[in-house]
Amino acid sequence: MRAAVISFHTCPLDAPGEKNAGGMNVYVRRLAQELGALGCRTDIFTRKHGHEHQPIEEIGEGARVIHIPAGPVTTPKEGLYDFVPGFTLGVLQFAERNGLRYDAIHAHYWLSGVAALQLRAAWNAPVIATFHTLAEIKKQARLGESEPDIRIEQERRIIAEADALLVSTSHEQIALERLYEVQPAKVLVLPPGVDTELFRPVERTAAHDALGLNGRRHMLLFVGRLDPLKGLDIVLEAMALLEDHDDVELVVVGGEQEGKSETVRLRRVADVLGLGDHVRFVGMVPHEELPYYYSAAEALVMPSYYESFGLVALEAMACGTPVVAARVGGLPTIVRDGETGFLVPWHCPEPFSQRIEMLLTNKGLRDSMGRAARERAALRDWNTVAQETLALYAEVAHTRRSRNA
Ligand code: UDP
């Protein structure tokens, strides 16, 4: 089995946590590495976006990232649609030059889906589409979010024409059926995994020391790109409502999105709320250092307006840290309310504040939730995810071959 994975707009080698790189980059890279280890030769095709990477980079046994030139490297995501045909042509030429044939095409995000349908016409290999986010769902999640018509149109076409749709949660499956009238048989739900070797508990004092926190204060943690959709304002307001926040510090991990200056705005909100030096913005943190942050924190707070999955919740849980999350998107499939953390059904600071307070003031509760969180996260490693994905590739390839026979 040989798989072509398309990640047109964002490179899986980019550090997650800022600009356009986040959970999808981690997902694409880790899945490809595990697929390669299982013997499925996996090529990830991405747009050449700079000069920091070689045209072809090995990322593990049987897995590589291939950079295809398509449009100026600095083009923002919003302007990339016009370069899809040039990218597709580049992928076809690469395959031809190297005598490669692919048995399955796995597309991530709508722009890659457009490329994948073009590739299918040439290769006659099945297309598996994973959207990560869909415009219609995003629009419903938060007033004021708008997406270009071309995206909405093309997502509908990909949903209709792909051989299979792979989603992370049953929430997305239901949304596909409700908003796009997809036949349930076309959709497979496969939650992503977590790297349980990397994300494991570090002794709390050691974690504090490594981060220079001195173990003096309670620590709350937020990890994510600083995007208004992540709802960080709610955590700030919730912190201001704590009975006593003198001993509490909120550490905010994550970089800015391209061209936006959220840190300045959020810093101002924190100041207005009188939180002053209780909030620390540390910017983007290398993925490998995050276990220290998760382990040092008493709780991870995730008040997002929408998460198609929410990898950081699973990473925190793998480190034995309870999660206080909004009950949206994929988060209820990760967090068990009252068991591995709390799920809050409203986007208001008061209920977040109450749950945070319970965790900060009750070590017994924190420890038992942390243990349950760790056990639950351990069930979902990337090897398991890759085995299930490979079975899907084989099944859709078989179905397509039988249909064409
Ligand atoms: N991340 C990171 N460093 C940071 C911030 C985030 O490595 O400074 C990683 C984080 O560990 C997670 C991913 O970026 O794997 C974010 O994924 P998630 O699904 O939570 O959010 P998304 O960015 O996809 O909305």
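Just above sits the structure.
Rules behind the numbers
- Residues numbered from 1 in each chain as written.
- Predicted model: local features only at pLDDT ≥ 70, side-chain atom pairs only at ≥ 80, totals over all residues.
- Heavy atoms only, no water.
- Pairing = 2+ DSSP bridges.
- Helix = DSSP H or I, 4+ residues; strand = E, 2+ residues; numbered from the N terminus.
- Axes fitted to C-alpha atoms, helices over the stretch in contact; angles between N-to-C directions.
- Contact = heavy atoms within 4.5 Å.
- Near = heavy atom within 4 Å.
- Polar contact = N/O pair within 3.5 Å; in protein donor to acceptor, adjacent residues only side chain to side chain.
- Areas by Shrake-Rupley, 256 points an atom, 1.4 Å probe, with all protein chains shown as cover.
- Nonpolar A, V, L, I, M, F, W, Y, C, P; charged D, E, K, R; others polar.
- Buried < 20%, exposed > 50% of the residue type's maximum accessible area, 1.4 Å probe, protein only.
- Phe/Tyr/Trp six-rings, centres within 6.5 Å; stacked < 30°, edge-to-face > 60°.
- Patch = residues over 30% accessible without salt bridge, like charges linked within 9 Å, V, L, I, M, F, W, Y side chains within 5 Å.
- Salt bridge = Lys/Arg side-chain N within 4 Å of Asp/Glu carboxyl O.
- Lys, Arg positive; Asp, Glu negative; His and termini not counted.
- Charge placed at Lys NZ, Arg CZ, Asp CG, Glu CD.
- Core = buried A, V, L, I, M, F, W, Y, C linked by side-chain atoms within 4.5 Å.
- Right-handed = clockwise from strand over helix to strand, strands pointing away.

**Q** Help me understand the sheet that holds strand β8 (residues 187-189) in this model?
**A** Two pairing modes exist for strands in a sheet, parallel and antiparallel, and in both the strands are linked by backbone hydrogen bonds. Taken together, the 8 strands give an open sheet; going across it, the order is β3-β4-β2-β1-β5-β6-β7-β8, and neighbouring strands pair in mixed fashion. Edge positions in the open sheet fall to β3 (56-60) and β8, since each of these has one partner strand only. Pairwise comparison of adjacent strand axes, ignoring direction, gives a mean angle of 25° for this sheet. The pairing of strand β5 (residues 104-108) with strand β6 (residues 127-130) spans 4 bridges and is parallel. Bridging across to β6, I105 finds its partner in V127. Contacting β1 (2-6), β2 (41-47), β3 and β4 (63-68), helix α2 (residues 84-97) runs over the sheet at an angle of about 130° to β4.

**Q** Can you help me understand the site of the ligand in this one?
**A** Of all residues adjacent to the ligand, which total 19 residues, the nearest are G23, R225, K230, V285 and E315. K230 has a polar side-chain atom sitting 2.7 Å from an oxygen atom of the ligand. The separation between an oxygen atom of the ligand and a polar main-chain atom of V312 is 3.2 Å. The protein chains hide 92% of the 550 Å² of surface that the ligand would expose on its own. When residues of the shell around the ligand are traced back to their parent elements, those giving at least two are α1 (23-37), α10 (290-296) and α11 (311-318). It is α11 that provides the largest number of residues to the shell around the ligand, a total of 3 residues. Partitioned by chemical class, the residues of the shell around the ligand number 10 nonpolar, 6 polar and 3 charged.

**Q** Would you mind showing me how to read the pairing of β4 here?
**A** For a regular strand, the rule is simple: side chains alternate between the two faces of the sheet. Buried residues dominate β4, accounting for 6 of its 6 residues. The sheet contact formed by β2 and β4 spans 6 bridges and is parallel. Bridge pairing in β4 links F45 to I66. By the bridge criterion, 4 bridges tie β3 to β4 in an arrangement that is antiparallel. The residue of β4 that forms the bridge with E57 is V65. Taken together, β3 and the strand that follows it, β4, pair antiparallel across an intervening segment of 2 residues, in which G62 is found at a positive phi of about 75°.

**Q** Looking at this model, I keep getting lost on the packing of aromatic side chains. Mind explaining?
**A** Describing an aromatic ring pair means giving the distance of the ring centres and the angle of the ring planes. Inspection of every chain in the model, using the stated rule, returns 7 aromatic pairs. Look at F45 and F94: their rings are 5.7 Å apart centre to centre, the planes differ by 75°, and that puts the pair in the edge-to-face class. Highlighted residues: F45 in strand β2 and F94 in helix α2, separated in sequence by 49 residues. Here F45 matches F94 in class, with each residue buried.

**Q** Help me understand a negative patch on the surface, please; the structure alone is not making it clear to me.
**A** Together, E243, D244, D246 and D247 make up a negatively charged patch on the protein surface. Structurally, D244 is set in the loop between α8 (232-240) and β10 (248-253).

**Q** Help me understand the nonpolar core in this model?
**A** Looking at soluble globular proteins, one finds that nonpolar side chains tend to be buried together. One finds F45, F87, W123, L165 and L176 to be the most contacted residues of the largest nonpolar core, which totals 70 residues. If you tally residues by element for this core, the top one is helix α3 (residues 110-123), at 8 residues. Those residues within four positions of W123 in sequence are excluded, and the remaining contacts are A4, V91, L92, A95, R101, Y102 and I105. With 66 residues, the next largest nonpolar core counts L221, L266, L311 and F352 among its residues.

**Q** Can you walk me through the pairing of β10 in this structure?
**A** Most of β10 is tucked away, with 6 of its 6 residues classed as buried. Along β10, one buried face is formed by V248, L250 and V252 and the opposite face, lined by E249, V251 and V253, is buried too. Sheet topology places strand β9 (residues 218-223) next to β10; 6 bridges connect them, and they run parallel. Among the inter-strand pairings, L221 is bridged to a residue of β10, identified as V251. Assessed by its sense of winding, the connection that carries the chain from β9 through α8 to β10 is right-handed. Note: β10 against strand β11 (residues 279-283), 4 bridges, orientation parallel. Bridged to V252 within β11 is F281.

**Q** What's the story with the pattern of salt bridges in this structure? I'm lost.
**A** Any two side chains of opposite charge can pair, on the condition that their charged atoms come close. Inspection of every chain in the model, using the stated rule, returns 20 salt bridges. The salt bridge involving R156 is made with E136; its shortest N-O contact spans 3.6 Å. Taken together, the positions of R156 in helix α5 (residues 149-161) and E136 in helix α4 (residues 135-141) put the pair 20 residues apart, joining distant regions of the chain. Here R156 falls in the partly exposed class, since its relative accessible area comes to 37%. With a closest N to O distance of 3.8 Å, R267 and D271 form a salt bridge. Note that R267 and D271 are positioned in helix α9 (residues 262-272) at a spacing of 4 residues, about one turn of the helix. Residue classification places D271 among the partly exposed residues on the basis of a relative accessible area of 46%. One salt-bridge network, held together by shared partners, links R30, E34 and D195.

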